[in-house]
Amino acid sequence: MEKEWFTISVYSENNVGLLNRISGIFLKRHINIESLNVSKSEIEGVSKFTIVVYTTEKWTRNIVGQIEKQIEVIKAFYHTDEETIYQESVLFKIASNLLFDERQIQNIIKDNNSQIVTVARDFFVIAKSGRRNEINEMYDQLKPFGIMQFVRTGRISVSKEEMPITALLNEFYQDK
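Here the structure is a predicted model, which means the values were calculated and not measured. (Residues numbered from 1 in each chain as written. Predicted model: local features only at pLDDT ≥ 70, side-chain atom pairs only at ≥ 80, totals over all residues. Heavy atoms only, no water.)

Let's talk about the pattern of salt bridges
If charged atoms from side chains of opposite charge come close, those side chains can pair.
Inference 1: Under the criterion given, the structure shown has six salt bridges.
Inference 2: The residue arginine 21 makes a salt bridge to glutamate 72 at a minimum N-O spacing of 2.5 Å. Of this pair, arginine 21 sits in helix α1 (residues 18-28) while glutamate 72 sits in the loop between α2 (57-68) and β4 (73-80); the two residues are 51 residues apart in sequence, bridging distant segments of the chain.
Inference 3: On the basis of relative accessibility, which here comes to 33%, the residue arginine 21 falls in the partly exposed class. (Salt bridge = Lys/Arg side-chain N within 4 Å of Asp/Glu carboxyl O. Helix = DSSP H or I, 4+ residues; strand = E, 2+ residues; numbered from the N terminus. Buried < 20%, exposed > 50% of the residue type's maximum accessible area, 1.4 Å probe, protein only.)

Structural notes on a negative patch on the surface
Inference 1: Taken together, the side chains of Glu82, Glu83, Glu161 and Glu162 present a region of like negative charge at the surface.
Inference 2: If you trace the backbone, glutamate 82 turns up in the loop between β4 and β5 (84-95). (Patch = residues over 30% accessible without salt bridge, like charges linked within 9 Å, V, L, I, M, F, W, Y side chains within 5 Å. Areas by Shrake-Rupley, 256 points an atom, 1.4 Å probe, with all protein chains shown as cover. Lys, Arg positive; Asp, Glu negative; His and termini not counted. Charge placed at Lys NZ, Arg CZ, Asp CG, Glu CD.)

So, the domain arrangement of the protein
It is common to report an interface's size as the accessible area lost on association of the parts.
Inference 1: Considered domain by domain, the protein is made up of domain 1 (4-84) and domain 2 (86-152).
Inference 2: Its C-alpha centre places domain 1 at a distance of 31 Å from the equivalent point of domain 2. (Domains from an automatic or database assignment.)

Considering unusual backbone geometry
Where the residue is not glycine, phi is negative for most of them; where a peptide bond is considered, it is trans in most cases.
Inference 1: One non-glycine residue, histidine 30, lies in positive phi territory at about 55°.
Inference 2: With respect to the helices and strands, the residue histidine 30 is situated in the loop between α1 and β2 (33-40).

Some points on helix α4 (residues 103-111)
Inference 1: Looking only at α4, the buried set comprises Ile105, Ile108 and Ile109. All buried residues of α4 lie within an arc of 100° about the axis, which places them on one face of the element. Exposed and oriented more than 90 degrees from the buried face of α4 are Arg103, Lys110 and Asp111.
Inference 2: Here the buried face of α4 lies against α3 (96-101), β6 (115-119), β7 (123-130) and α5 (132-142).
Inference 3: Downstream of α4 by one or two residues, asparagine 113 has phi in the positive range, about 50°. (Arc of directions from axis to C-beta. Contact = heavy atoms within 4.5 Å.)

So, in C-alpha cells, the structure goes:
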C-alpha cells in the first residue's frame, strides 16, 4: 500500500489525558503526527481532534480503530485530502527594512493573497491561510530574504460528504 495524507477526525468528550493516550497510539506504531488541532465541535460539550498523518490506509484504519476504543471517544473518522476541505494558517515575521527596500517582498505578499497584520520598527508580520503546498511555496519565496520567525497552525478540516456525526451526537445527548 502506498503512503498518502490522511485527516483523522475524532469526536470526544473533553477529558484530561485523552490527548496523551491518543498520541501514545501513534507513538506505538512509529507514525508521526504531522498536524494536530483540537477545538469544540458543532455539538455542545463535544471536542473535535483533527489529526494529519502521512501513512498507508491500512495503518490509518488500524489507528482509527484503536482511537475508538478510548472510553471518551464518541466516534472517529478518516479522510483523504480529496475528501476534505482544509486550511492551515501561518505567520511570518520579517525584518521591517525589507518591506520598503525589497519590492519583491510586496509582490510575494500580494501574489500569495496574504496580509500584513502588524508593522513595528524592527519587523512586520504577514498572515497567510491556505493549503500546505501554498504555504510551503510562500515560505520558499520568503526564505532568501530571511525569516525571523515562522509558525504554522494545525490543519482545520471539514468533510465534503455529509457526516452522520451530528445526528448521531444529537441522539446520544438527547438520551442523557
